[in-house]
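Below are the chains, spelled out letter by letter.
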Amino acid sequence: MSTNSSQTPSAQELYNLDNPIFCCYVFWATVLVAKMLLMSTLTAVQRFRYKIFPNQEDLFFKNTEVQFNDPHVERVRRAHRNDMENILPYFIMALIYISTNPDATVACNLFRVASVARLVHTLVYAVYPVPQPARLIAFASMQLITYYMAAVVALRTLRFI
Amino acid sequence: MSTNSSQTPSAQELYNLDNPIFCCYVFWATVLVAKMLLMSTLTAVQRFRYKIFPNQEDLFFKNTEVQFNDPHVERVRRAHRNDMENILPYFIMALIYISTNPDATVACNLFRVASVARLVHTLVYAVYPVPQPARLIAFASMQLITYYMAAVVALRTLRFI
Amino acid sequence: MSTNSSQTPSAQELYNLDNPIFCCYVFWATVLVAKMLLMSTLTAVQRFRYKIFPNQEDLFFKNTEVQFNDPHVERVRRAHRNDMENILPYFIMALIYISTNPDATVACNLFRVASVARLVHTLVYAVYPVPQPARLIAFASMQLITYYMAAVVALRTLRFI
C-alpha cells in the first residue's frame, strides 16, 4: 500500500492491517467489545448477589420469585443500555470515518480518547458510582468525538445525498 | 476502479469513496448516527423539563427523588430503543449488501428511503406523536428494505452456509 | 486477488466476496439480522394477542388502555434486548477479526456455531421457554467465541494501543 502514495487517498486500501489508523480502530474497538460483554457478566454478578431473576426458569435458589426493578441490577442495566446507545453507533461512525483517510495522529487519538472515556463511564456509573459531572464528562467525550467524525464524513459525502 | 470493469464485481474494491454506492451509504449512515445521538439529548431535555432522574447522583434539583416510568421520558426512550433495534442491524446489513456490488440507482435509493423513513419515525414517535399508521409505515419501510437486502445477500452467499 | 498470494496476508483484499471467510461471515450475519428483525414481529404478535400497547396511538381495540409489564410481551423484549447486547458487538468483532486473515476452517466454524447458538437462544428464551441451562449454554457460546476473536485481534494490534 505504501507504493500507492501517488493515488488519491480514497483509492488506497484503507481497511486492512497495513493501515495504522485501521489497526488503532481495531484495537480499541476490541477493547470496547470486551468491555460491553463484561456488562452482561456484571449484571449476572448483581443478579446472583441480590437473588433478582427476571425469568421463572432462572430461579436457581429456593424460595425466590421473579423480581424486577432492583436498584443494584437496574443501575448496571442502565449503564449497559447507555453503552449500546453510544458505543454501537460509534463503531459504525469510526469505521466509515476511516474511509476519508484522516490524519493518523488525529484519528488514532480520537479513537483512544473516546474508548478510554467509555471505560471511565462504566467505572463511575456501574462499578463505583461517583458524583456528577464525572459520568457526564465521560459520556460527552465519546458523543462529541462521534459528532466530529460525523461532520467530517458528511461534508466529504454531501453530494451523494 | 473504473478501469476494472472487466473484473468480476467482487474483485473490485467496493469499500472506498471511489464507489458512489459506498459514498451514499456513508452519507446516510452518518445522518442516522447523528439522529441516534440526538435521541440522548432529547431524553435529557425531557428529564430536565419534568425533573425525572433515574440515579441518585443525577438529582440536580433540590427536593427531587429518583423516578422512573414518566410517560414523556419513556416515550423518547422507547423511540430510542426502537432505533437500536432497527437502525443498528440495518447498518451491518447495508454495509455487507454493498459487497454484492448492487445496481447503484437501486442501492442508493434504498439507503435514502430507509434513512428518511427513520427520520420520519422519530418525528411521529418522539417529537410530535400523530395517529397511526404514520409510525407503522415509517417503521415498516426500513424493515422491508433490510429484509430485501438480506434476501439478496443470502442468495448470493448461500453456498457458504 | 489470487495473484497476490505472495503478499503478506494483511495486504490482500479481505472484504469482498472472493474471500470465502468474508462470504461465510456475510451469510450468517444476514441470518442473524433477519432473526433480530423477526423479534419485532414476535413482539407485535404478543402485543396483539394479549392487547398490550405502550402508546396511546397504538390502541387498536376499544376499551383498552396503555399497559406495560405484561410477562408475555416482556419475555420477548428481554430476548430482543439480549440479542442487541450480544449480536451487535459480535457483528463488529467478527468483521474486524476477518482483517487478521484467520484460518478459513476455524473462522467459518466460529461464525456458524455462534450464529446457530443465537438461533437456539431465541427458541429457548422467547418462543418455547425450557429449563436452564439451555439458554445459558446458547448465550455462553457466542460470548466465548466473541471473546476468542477479541483475544486474537487484540494480540495482533496491541502495539497500536
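See the structure shown above.
How each quantity is defined
Residues numbered from 1 in each chain as written. Chains lettered and ligands numbered in written order. Predicted model: local features only at pLDDT ≥ 70, side-chain atom pairs only at ≥ 80, totals over all residues. Heavy atoms only, no water. Helix = DSSP H or I, 4+ residues; strand = E, 2+ residues; numbered from the N terminus. Rg over C-alpha atoms; globule rule 2.2 N^0.38 Å. Buried < 20%, exposed > 50% of the residue type's maximum accessible area, 1.4 Å probe, protein only. Least-squares fit on C-alpha atoms with pLDDT ≥ 70 in both. Contact = heavy atoms within 4.5 Å. Disulfide = S-S within 2.5 Å. Buried area = accessible area lost by both parts, 1.4 Å probe. Salt bridge = Lys/Arg side-chain N within 4 Å of Asp/Glu carboxyl O. Polar contact = N/O pair within 3.5 Å; in protein donor to acceptor, adjacent residues only side chain to side chain. Nonpolar A, V, L, I, M, F, W, Y, C, P; charged D, E, K, R; others polar.

> Looking at this model, I keep getting lost on the overall build of chain A. Mind explaining?
Regarding its fold elements, chain A presents four helices and zero strands. Element order for chain A, N to C, with α for helix and β for strand: α-α-α-α. Over its C-alpha trace chain A gives a radius of gyration of 20 Å, far above what one expects of a compact globule, namely 15 Å for 161 residues. In terms of overall dimensions, chain A has a C-alpha envelope of 70 × 35 × 30 Å along the principal axes. Looking at chain A as a whole, 55% of its 161 residues are labelled buried.

> Would you explain the relation of the copies chain A and chain B in this entry?
The relation between the two copies of this chain is a rotation about an axis and a shift parallel to it. If you rotate chain A by 120° and push it 0.0 Å along the axis, it lands on chain B with an RMSD of 0.0 Å. What the rotation and shift describe, once combined, is the action of a three-fold rotation axis. The fraction of interface residues of chain A whose copies in chain B are also interface residues is only 18%, indicating that the copies meet through different surfaces.

> Teacher, can you tell me more about the state of the cysteines here?
Cysteine pairs can be covalently joined through their sulfur atoms, and such a bond is termed a disulfide. Under the definition given, this model contains zero disulfides over all chains. In this structure A:Cys24 is a free cysteine whose sulfur lies 3.7 Å from that of A:Cys108, the closest cysteine sulfur available.

> Sorry if this is basic, but what is going on with the interface of chain A and chain B here?
Interfaces are frequently sized by the accessible area removed from exposure as the parts join. The interface of chain A with chain B comprises 38 residues on the first partner and 38 residues on the second. For the chain A face of the interface with chain B, the top three residues by lost area are A:Arg81, A:Ile92 and A:Phe160, together amounting to 20%. Summed over the shared surface of chain A and chain B, the result is two salt bridges. For the pair chain A and chain B, the interface holds seven residue pairs in polar contact (both at pLDDT 80 or more). Within the residue set of the side of chain A that touches chain B, elements represented by two or more residues are α2 (71–97) and α4 (134–157) of chain A. Considering every element that reaches the side of chain A that touches chain B, the biggest residue donor is α2(A), with 12 residues. Residues that form the side of chain A that touches chain B fall into these classes: 21 nonpolar, 10 polar and seven charged.

> How should I be thinking about the environment of C:Phe91 in this particular structure?
Following the sequence through the fold, C:Phe91 ends up in helix α2 (residues 71–97). Exposure remark for C:Phe91: the relative accessible area of 0% places this residue in the buried category. Once residues within four sequence positions are removed from consideration, C:Phe91 is found in contact with B:Ile92, C:Tyr25, C:Ala29, C:Leu32 and C:Val33.

> Is there a simple way to explain the pattern of salt bridges in this structure?
When the charged atoms of two side chains lie near each other, side chains of opposite charge can form a pair. Taken as a whole and assessed by the stated rule, the structure comprises 18 salt bridges over all chains. C:Lys35 serves as the salt-bridge partner of C:Asp83, at 2.5 Å between the closest nitrogen and oxygen. Here C:Asp83, found in helix α2, pairs with C:Lys35, found in helix α1 (residues 20–50); they are 48 residues apart in sequence, far enough to count as distant. Accessibility assignment for this pair places C:Asp83 and C:Lys35 in one class, buried. Ionic pairing is found between C:Arg81 and C:Glu85, a salt bridge with its closest N-O pair at 2.7 Å. Here C:Arg81 and its partner C:Glu85 are both found in helix α2, four residues apart, which amounts to about one turn of the helix. The same class applies to C:Arg81 and to C:Glu85, which are both buried. Several salt bridges converge on common partners, so that one network encompasses A:Lys35, A:Asp83 and A:Arg118.

> Sorry, what's going on with the interface of chain C and chain B here?
On the chain B side, the residues contacting the 38 residues of chain C number 38 residues. For the pair chain C and chain B, the summed buried surface comes to about 3,100 Å²; carbon and sulfur atoms form 65% of the total. A per-residue breakdown of the area chain C buries against chain B is headed by C:Phe27, C:Leu37 and C:Glu57, which together make up 21% of the total. With a closest N to O distance of 2.9 Å, C:Glu57 and B:Arg75 form a salt bridge. Looking at the side of chain C that touches chain B, the elements that each hand over two or more residues are α1 and α2 of chain C.

Remember that the coordinates give geometry; whether it matters functionally is a separate question.
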